[in-house]
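Coordinate analysis (summary)
If you want the building blocks of each chain, they are given just below.
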Amino acid sequence: MRSQGVLHVETQIVVPFFDVDSMNVVWHGHYVKYLEVARCALLDLIGHNYNDMLASGYAWPVIDLQLRYVRSAVFGQTLTVRASLVEWENRLKINYLISDAATGERLTRASSVQVAVDVASREMLLASPRVFVQAVERKLP
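Residues numbered from 1 in each chain as written. Predicted model: local features only at pLDDT ≥ 70, side-chain atom pairs only at ≥ 80, totals over all residues. Heavy atoms only, no water.

**Overview of the nonpolar core**
In summary, soluble globular proteins display a tendency toward joint burial of nonpolar side chains. Spelled out, the test is: Here, the term nonpolar core denotes a set of buried Ala, Val, Leu, Ile, Met, Phe, Trp, Tyr and Cys residues that are joined through side-chain atoms within 4.5 Å. Note on classification: 1.4 Å probe, protein chains only; a residue is buried when its accessible area is under 20% of the maximum for its type, exposed when over 50%, partly exposed between these limits. Strands are runs of DSSP state E lasting at least two residues, helices are runs of H or I lasting at least four, and both sets are numbered from the N terminus onward. The contact criterion used throughout is that any non-hydrogen atoms of two residues lie within 4.5 Å.
Counting 34 residues, the largest nonpolar core has Tyr34, Leu42, Ile46, Leu85, Leu92 and Phe132 as the members making the most contacts within it. Sorting the residues of this core by element identifies β1 (7–14), α1 (30–46), β4 (78–87), β5 (92–100), β6 (106–114) and α3 (130–139) as the ones contributing at least two each. In contact with Leu85, other than residues within four places in its own chain, are Gly5, Val6, Leu7, Leu42, Ile46, Leu92, Lys93 and Val136.

Encoded structure:
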């Protein structure tokens, strides 16, 4: 079973015309953009977004991305994108669920993994920087 995570955020996205193909469905690559919108909202909730990460001396590249498409999204459809924090102490792992906002029907499941990289040395860290771990811990119940 997929981990539900410890912190969650939901965002809504209305599928724009420029994201669909000639069959009126969202091109598969655009789902990554929807995940990024939700990931940014989750980082804002944590209180340590990409600007804060960079200011603390770390970049967080995505090293793994998994998507499972169940049903296509279409032009004008309102999507709910849920991002759930699963891991944060050694790496940043987030699970996602994209669903139809009106019906709740699941459209796509996904997960992303990011690791901290020291900006100055370009060295990958084997544990998340303390500043990020502390930000997460402040938000935990």
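**Section: the sheet that holds β4**
For the record, the criterion: By definition, two strands form a pair when at least two bridges between them are found by DSSP. Orientation is described by lines fitted to C-alpha atoms, with helices fitted over the stretch in contact, and by angles between N-to-C directions that extend from 0 to 180 degrees.
On the basis of which strands lie adjacent, the open sheet formed by five strands has the order β1-β4-β5-β6-β3 and antiparallel pairing. Bordering the open sheet on either side are β1 and β3 (62–69), each of which pairs with just one other strand. Adjacent strand axes in the sheet meet at a mean angle of 20° when their direction is disregarded. The sheet contact formed by β5 and β6 spans eight bridges and is antiparallel. Within β6, the position partnered with Ile98 by the bridge is Thr108.

**Things to note about the pattern of salt bridges**
Our working definition: For salt bridges, the criterion is a side-chain nitrogen of Lys or Arg within 4 Å of an Asp or Glu carboxyl oxygen.
Scanning all chains against the criterion turns up six salt bridges. In this structure, Glu36 engages Arg39 in a salt bridge whose closest nitrogen and oxygen atoms are separated by 2.2 Å. In this pair, Glu36 and Arg39 both sit in helix α1, three residues apart, roughly one turn of the helix. For the salt bridge of Glu105 with Arg71, the shortest nitrogen-to-oxygen distance reads 2.4 Å. On the criterion of sequence distance, the pair formed by Glu105 in the loop between β5 and β6 and Arg71 in the loop between β3 and β4 is long-range, its members being 34 residues apart. Judged by relative accessible area, Arg71 falls into the partly exposed class, the value being 48%.

**Some words on the side chain of Thr80**
Note that Thr80 resides in strand β4. For Thr80, a relative accessible area of 10% puts it in the buried group. Leave out the neighbours within four places in its chain, and Thr80 touches Glu10, Thr11, Gln12, Leu97, Ile98, Ser99 and Ala101.

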